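Here is what each chain is made of, one letter per residue.
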Amino acid sequence: MKDCCWFTLGSLVALLLSGLAVAAPPTAKRGGASPFVQTDGASFFVNGSKFRYVGTNAYWLPVLNTDQDIWNTLGNISATGAKVVRVWAFNDVATAPSNGTWFQVVQDGKVSINDGPNGLQRLDTVIQMAEQHGLYVLLSLTNNWYPTVSNDTGSSLQTRGGTTEITLPRNYLSNDYGGMDLYVRQFGCQHHDEFYTNENILKAFKNFTSQVVSRYVNNPAVFSWEIANDPRCSSTLPTSGSCTTETITQWHATMAEYIRSIDPNHLISSGNQGFMCTDCPKLFPLNPTPPPQPSPAPGSKKRSVPVTSKQILSKRAESRRLNRRAAKLAGKLKEDGIRVRGRWAATATRRQQSQEVGSAYDGSYGVDSQDIMNIPDISFGTFQLFPDQDTYTPSDPTLNSSQNLVNSGVEWITNQAQSAAAVGKPLILTAFGLVTQSNAADFVPFNMTTAPYASDTCTGTQGCQDIESAIVYTPYGVTNEEQTDAYSTWLNISISLNLAGVLQYQWGVQNLTAETGTTISPGVTGITSSSETTGTTPSSDTTGVSPNDGYSSNTNADGIQQVMTTASQNIASD
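Residues numbered from 1 in each chain as written. Predicted model: local features only at pLDDT ≥ 70, side-chain atom pairs only at ≥ 80, totals over all residues. Heavy atoms only, no water.

What's the story with the overall build of the chain in this structure? I'm lost.
Assigned secondary structure in the chain consists of 13 helices and 23 strands. Looking at the 574 residues of the chain, the share that counts as buried comes to 56%. For the chain, restricting intrachain contacts to residue pairs at least 6 apart in sequence, the fraction spanning at least 24 positions comes to 77%. Carbon and sulfur atoms provide 49% of the accessible area of the chain, an area that totals close to 22800 Å². (Helix = DSSP H or I, 4+ residues; strand = E, 2+ residues; numbered from the N terminus. Buried < 20%, exposed > 50% of the residue type's maximum accessible area, 1.4 Å probe, protein only. Contact = heavy atoms within 4.5 Å. Areas by Shrake-Rupley, 256 points an atom, 1.4 Å probe, with all protein chains shown as cover.)

Spelled out as structure tokens, the structure:
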């Protein structure tokens, strides 16, 4: 049941859409009749028809132990109406393990590609079977996150407080597949952003990229190449201090041009979170720069313009005003300012905060998604939505935590759609997720090796308080119902704003074939495993569950699959 004082989706969308022009459908070449996915304006086309889709993430597909498990998983994904699955096309290690899957060794400044049956041939199988199920595969080439130092047996994971150490199998977490920081360490560097600027590292990454891209250059089942997942200036390793938005943008331009020189068939995207820098200089400015727009005549569409700091602050202020009015009418308003001559006034701190757009928009992460999207060899825009890990807008004190999460997502999606419309390219939400209370104990943030809510004393909780000798538990995460409602809201707003694709994070599967020493190991069901065995200990169990870093759909399978099915039907008919 939604609270009556929550700013309704319809009114919030109406507010955010003021000043946002929705791109008109293309009327030109319609993308031709190619079996490869192409773009025309803000849309995708394949075989001459417009292509919009709902999809999911299953980064772990190549590490499943049997072809049958891959086949069944892809079949279940396809049954929801999903059309695209996003997969890690990298699996880097410092030393070749004795068990499991790996694609590349990066060690002491040298690299070696594994083209064998436990290497890139596993990716071959995923792509082949996806095509047979009518699915496209979006392939990501590296990851910003690699906080663990894995070995043959697995990665060490600390629960909150460091009181318990758990060994999860290698590749169980999404941040345990190698990536940028592995290159940096193995090439003797110290700063994360040297991945973007060091010539030897760039050469090594280009080598891996060329091996993978050329392998599938003529395969129409590949949707696109994603240069990296969530690239930014810092990671587990610190930034050098010289990394700027221009550093990240230039690296994208270099890599996109390189991929295009190898593959003329497939689309290329960034994979970034969508962070903006509204006031940063651009390497690829919009040409011409859109001038200030007067109010349009009734019934006409306003020209798309980039997102501005002034617009962000104005919309937020109006949203807070409407929410406060609704809360006041409902008798739920808690005044938090100071009374001046009989009237409530904001405190100095609140006034100062209201004038800051926040780190998602000020270039703090070294990412300018609009500038990256406008690179000629970048085919479409990307962004992600993880309110558990990133802050997109200040919380509104008149709303509860779940409502704030949903509304911040709506604002984020709306601003991303406006930015893409200004560039004139398609836009996809490559990953979105919320941690539920039932998944909280397994939640490991992308930049961490700690499960912050897997405490021995307060399992799955955000905190424990001893009040009059009674323990009061405050669960972390949303309920399954709140997750389902949020996903439905975000999918609906994405469809209404003409996003070309939306991918849920992440798919979950049970009853997989388990083999000791592999990612799907006997007795491993996550951090909250009921078994004392680990991925390197023999067990009588013969089945396992898919990897889970806190977002698996296993804990809310019916709700998520129904939402995806409905959205797939809606986006196809829109």
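Okay, back to it.
For this particular structure, what's the right way to read the packing of aromatic side chains?
Any two aromatic rings considered together are summarised by their centre-to-centre distance and by the angle between their planes. In the structure shown here, the tally under the stated rule is 37 aromatic pairs. Measuring from centroid to centroid gives 5.1 Å for F44 and F223, while their planes differ by 85 degrees, and the two rings are edge-to-face. Highlighted residues: F44 in strand β2 (residues 43-46) and F223 in strand β12 (residues 222-226), separated in sequence by 179 residues. On the basis of an interplanar angle of 90 degrees and a centroid distance of 6.2 Å, the ring pair of F432 and W490 is categorised as edge-to-face. In this pair, F432 is assigned in strand β17 (residues 427-432) and W490 in helix α12 (residues 480-496), connecting sequence segments 58 residues apart. You'll find F432 and W490 in the same group, each marked buried. A cation over a ring is seen here: R232 above Y365, with NZ or CZ 4.7 Å from the ring centre. (Phe/Tyr/Trp six-rings, centres within 6.5 Å; stacked < 30°, edge-to-face > 60°. Lys NZ or Arg CZ within 6 Å of the ring centre and 35° of its normal.)

Please explain the packing of α12 against helix α13 (residues 557-573) as it appears in this structure.
If you want to describe how two helices pack, look at the angle between their axes and the distance between the axes. With their axes 10 Å apart at the nearest point, α12 and α13 run at an angle of 15 degrees to one another. As judged from the angle between their axes, α12 and α13 are roughly parallel. As for the relative orientation of α12 and α13, their crossing is right-handed in sense. Of the residues in α13, those in contact with Q483, T484, Y487, S488, L491, N492 and I495 of α12 are G559, I560, V563, A567, N570 and I571. Its residues assigned to classes, the contact of α12 with α13 comprises 7 nonpolar, 6 polar and no charged. (Axes fitted to C-alpha atoms, helices over the stretch in contact; angles between N-to-C directions. Parallel < 35°, antiparallel > 145°, perpendicular 65-115°, else oblique. Left-handed = near helix turned anticlockwise from the far one by under 90°. Nonpolar A, V, L, I, M, F, W, Y, C, P; charged D, E, K, R; others polar.)

When you look at the pattern of salt bridges in this model, what are you seeing that I'm missing?
Counting across every chain of the model gives 8 salt bridges. In this structure, D115 and R215 form a salt bridge, with 2.5 Å as the shortest nitrogen-oxygen distance. Taken together, the residues D115 in the loop between β8 (110-113) and α3 (120-132) and R215 in helix α6 (residues 199-215) connect sequence positions 100 residues apart. With a relative accessible area of 44%, D115 lands in the partly exposed category. What makes R215 partly exposed here is its relative accessible area of 30%. The partner of D230 in a salt bridge is R232, with the nearest N and O atoms 3.0 Å apart. The same class applies to D230 and to R232, which are both buried. A single salt-bridge network, built from bridges that share partners, covers D115, D124 and R215. (Salt bridge = Lys/Arg side-chain N within 4 Å of Asp/Glu carboxyl O.)

Could you clarify how one ought to interpret the environment of A204 in this entry?
Within the secondary structure layout, A204 lies in helix α6. In the structure, A204 is positioned 98 residues away from V106 in sequence and 8.8 Å away in space, judged by C-alpha atoms. The contacts of A204, once residues within four sequence positions are left out, are Q104, V111, Y183 and F187.

In this structure, what is going on with the sheet that holds β17? I would like to understand it.
Where strands meet in a sheet, backbone hydrogen bonds hold them as pairs that are either parallel or antiparallel. An order of β13-β12-β9-β5-β4-β21-β17-β16 is seen for the 8 strands of this open sheet, with the pairing classed as parallel. Looking at strand neighbours, the two that pair on one side only are β13 (267-269) and β16 (381-385), the edges of this open sheet. Across the sheet, the mean angle from the axis of one strand to that of its neighbour is 25 degrees, orientation sign disregarded. Of the strand pairs in this sheet, β12 and β13 are connected by 3 bridges, and their pairing is parallel. Residue pairing in the sheet places E226 in a bridge with S269 of β13. (Pairing = 2+ DSSP bridges.)

Can you help me understand the pairing of β8 in this one?
Here is the key point about a regular strand: its side chains alternate between the two faces of the sheet. Of the strand pairs in this sheet, strand β7 (residues 104-107) and β8 are connected by 4 bridges, and their pairing is antiparallel. Each residue of the ladder has a partner; that of V105, found in β8, is S112.

Before we go on, may I ask you to explain the nonpolar core in this structure?
Here is a general trend for soluble globular proteins: nonpolar side chains tend to be buried in one another's company. Grouped together as the largest cluster of nonpolar side chains are 122 residues, with contacts concentrated most on W60, L61, L139, W251 and W490. Looking at this core element by element, the count peaks at 9 residues for helix α11 (residues 401-423). For W251, the residues in contact, after removing those within four places along its chain, are M180, F195, Y196, L202, F205, I227, A228 and P231. Counting residues in hydrophobic clusters, the runner-up holds 14 residues, among them F51, F380, I428 and A500. (Core = buried A, V, L, I, M, F, W, Y, C linked by side-chain atoms within 4.5 Å.)

I keep staring at the packing of helix α2 (residues 67-79) against α3 and nothing clicks. Help me out?
Following both chains from N to C, one finds α2 and α3 inclined at 40 degrees, their axes separated by 10 Å at the closest point. Judged by the sense of rotation from one axis to the other, the crossing of α2 with α3 is right-handed. Across the interface between the two elements, D67, I70, W71 and L74 of α2 pack against R122, T125, V126, M129, A130 and Q132 of α3. Here the contact of α2 with α3 is built from residues that sort into 6 nonpolar, 2 polar and 2 charged.

I'm lost on the side chain of S140 in this one. Help?
With respect to the helices, strands and loops of the structure, S140 is situated in strand β9 (residues 136-140). Overall, the relative accessible area of 0% leaves S140 in the buried class. A polar contact of 2.8 Å, which involves the side chain of S140, links it to the side chain of E226. Leave out the neighbours within four places in its chain, and S140 touches V87, W88, A89, F90, E226, A228 and N229. (Polar contact = N/O pair within 3.5 Å; in protein donor to acceptor, adjacent residues only side chain to side chain.)

Hey, could you run me through the side chain of D549 in this one?
Mapped onto the elements of the fold, D549 is located in the loop between β23 (543-544) and α13. Notably, D549 is buried but unbridged: the nearest opposite-charge side chain belongs to R86, and the N-O separation is 9.4 Å. A polar contact is formed between the side chain of D549 and the side chain of Y505, at a distance of 2.7 Å. Of the polar contacts made by the side chain of D549, one reaches the side chain of Q506; its length is 2.8 Å. Not counting residues within four places of it along the chain, the set of residues in contact with D549 comprises Y59, L173, S174, D442, F443, V444, F446, Y505 and Q506. (Lys, Arg positive; Asp, Glu negative; His and termini not counted.)

Is there a simple way to think about the sheet that holds β8 in this case?
If you walk across this open sheet you meet the 3 strands as β6-β7-β8, and the pairing is mixed. Of all the strands in the sheet, just β6 (92-93) and β8 have a single pairing partner and so form its edges. Packed on one face of the sheet, α6 meets β7 and β8 and runs near 10 degrees to β8.

I would appreciate a short explanation of the state of the cysteines in the present structure.
Every disulfide links exactly two cysteines, by a covalent bond between their sulfur atoms. This model, assessed by the stated rule, comprises 2 disulfides. For C233, the disulfide goes to C243, at an S-S distance of 2.1 Å. The sign of the S-S torsion, about -80 degrees, decides the handedness of the disulfide formed by C233 and C243: left-handed. Here C233, found in the loop between β12 and α7 (245-262), pairs with C243, found in the loop between β12 and α7; they are 10 residues apart in sequence, far enough to count as distant. (Disulfide = S-S within 2.5 Å.)

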